[in-house]
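Results of the structural survey
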Amino acid sequence: MSKKPPTAIPFESIDPVLTPQGHRIRPLVDGRANGNAPGIDLCAGGLDVPGGFIANPHRHVETDVIVLVYDCGDEGALTLFGENLEFEALQHRGDVLPIQKGWPHTVVNLSLTTPIRAYEFRSNRTVVVDNPLMPHLRPVAEDRGREFLTAVHGARRLARFGAGRCTPLGAR
């Protein structure tokens, strides 16, 4: 048992880190020895996903993931998953999406203006590891993501906004 009593962790109290997927996550509950909850065997992160964003496809090798959308635009948060990103799951505020370890996936923010704010819970000690990219799926993610964004907003609006591409690392 830890000698430190549990304490509430406000979302904004932890600075976000840029992930290999290209979006930002706040390591809200980090069970590593140098984390804010040393020794805990699960973790939680706070995701900030900008409008029109398509994340780089990736998978979690060793961890199951549960994503809880806290806030998003009316259009929702779209997760594409599968060996060829052939499946999709649309989440709205309050929806939970379980993703088993090993599943290739990406997220698309279907709103062009409202960021997605979500909590991600994993069955390991930190959210800042275990995200190998799947670059061979990047063209599929961009094509399918643009397809959904175009269906929601139309090609003209999408072109004006400049959405529909996986964001290069370090951008946004």
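My aim in this report is to walk through the structure given alongside it, one point at a time. Keep in mind that this is a model prediction, so the values were computed, not measured. (Residues numbered from 1 in each chain as written. Predicted model: local features only at pLDDT ≥ 70, side-chain atom pairs only at ≥ 80, totals over all residues. Heavy atoms only, no water.)

1. Some details on the packing of aromatic side chains
Two aromatic rings, taken as a pair, are described by how far apart their centres are and by the angle between their planes. As a reminder of what qualifies: Centres within 6.5 Å are what make two rings of Phe, Tyr or Trp a pair, Trp counting through its six-membered ring; a difference in plane orientation under 30 degrees is then read as stacked, over 60 as edge-to-face, and the rest as tilted. Under the DSSP-based scheme used, a helix requires at least four consecutive residues in state H or I and a strand at least two consecutive residues in state E, with every element numbered from the N terminus. Exposure categories follow from relative accessible area, calculated using a 1.4 Å probe and restricted to protein chains: below 20% of the type maximum is buried, above 50% is exposed, and the middle band is partly exposed.
This structure, assessed with the given rule, holds 6 aromatic pairs. Ring centres of Tyr-70 and Tyr-119 lie 6.0 Å apart, and the angle between their planes is 75 degrees; on these two criteria the pair is classed as edge-to-face. With Tyr-70 in strand β4 (residues 65-71) and Tyr-119 in strand β9 (residues 116-122), this pair connects stretches of sequence that are 49 residues apart. Aromatic side chains Phe-81 and Trp-103 sit 5.5 Å apart centroid to centroid with 75 degrees between the ring planes, which places their arrangement in the edge-to-face category. Linking Phe-81 in strand β5 (residues 77-81) with Trp-103 in the loop between β7 (96-99) and β8 (105-109), this pair joins segments that are 22 residues apart in sequence. Relative accessible area serves as the criterion here: at 21%, Phe-81 is assigned to the partly exposed category. The exposure class of Trp-103 is partly exposed, given its relative accessible area of 31%. Pairwise contacts between aromatic rings join Phe-11, Tyr-70, Tyr-119 and Phe-121 into one cluster.

2. Focus: the pairing of strand β3 (residues 43-49)
How we decide: Here the rule is simple: two strands pair whenever DSSP picks up at least two bridges between them.
The buried count for β3 comes to 7 of 7 residues, which makes it a mostly enclosed element. Side chains Cys-43, Gly-45, Leu-47 and Val-49 project from β3 onto one buried face, and the interleaved Ala-44, Gly-46 and Asp-48 project onto a second face that is buried too. In this structure, strand β2 (residues 24-29) lies alongside β3, joined through 5 bridges in antiparallel fashion. When the sheet's bridge partners are listed, Pro-27 is paired in β3 with Gly-45. Alignment of β3 against β9, held across 7 bridges, turns out to be antiparallel.

3. A look at unusual backbone geometry
Even without being a glycine, Leu-85 presents a positive backbone phi close to 55 degrees. Along the polypeptide, Leu-85 turns up in the loop between β5 and β6 (87-91).

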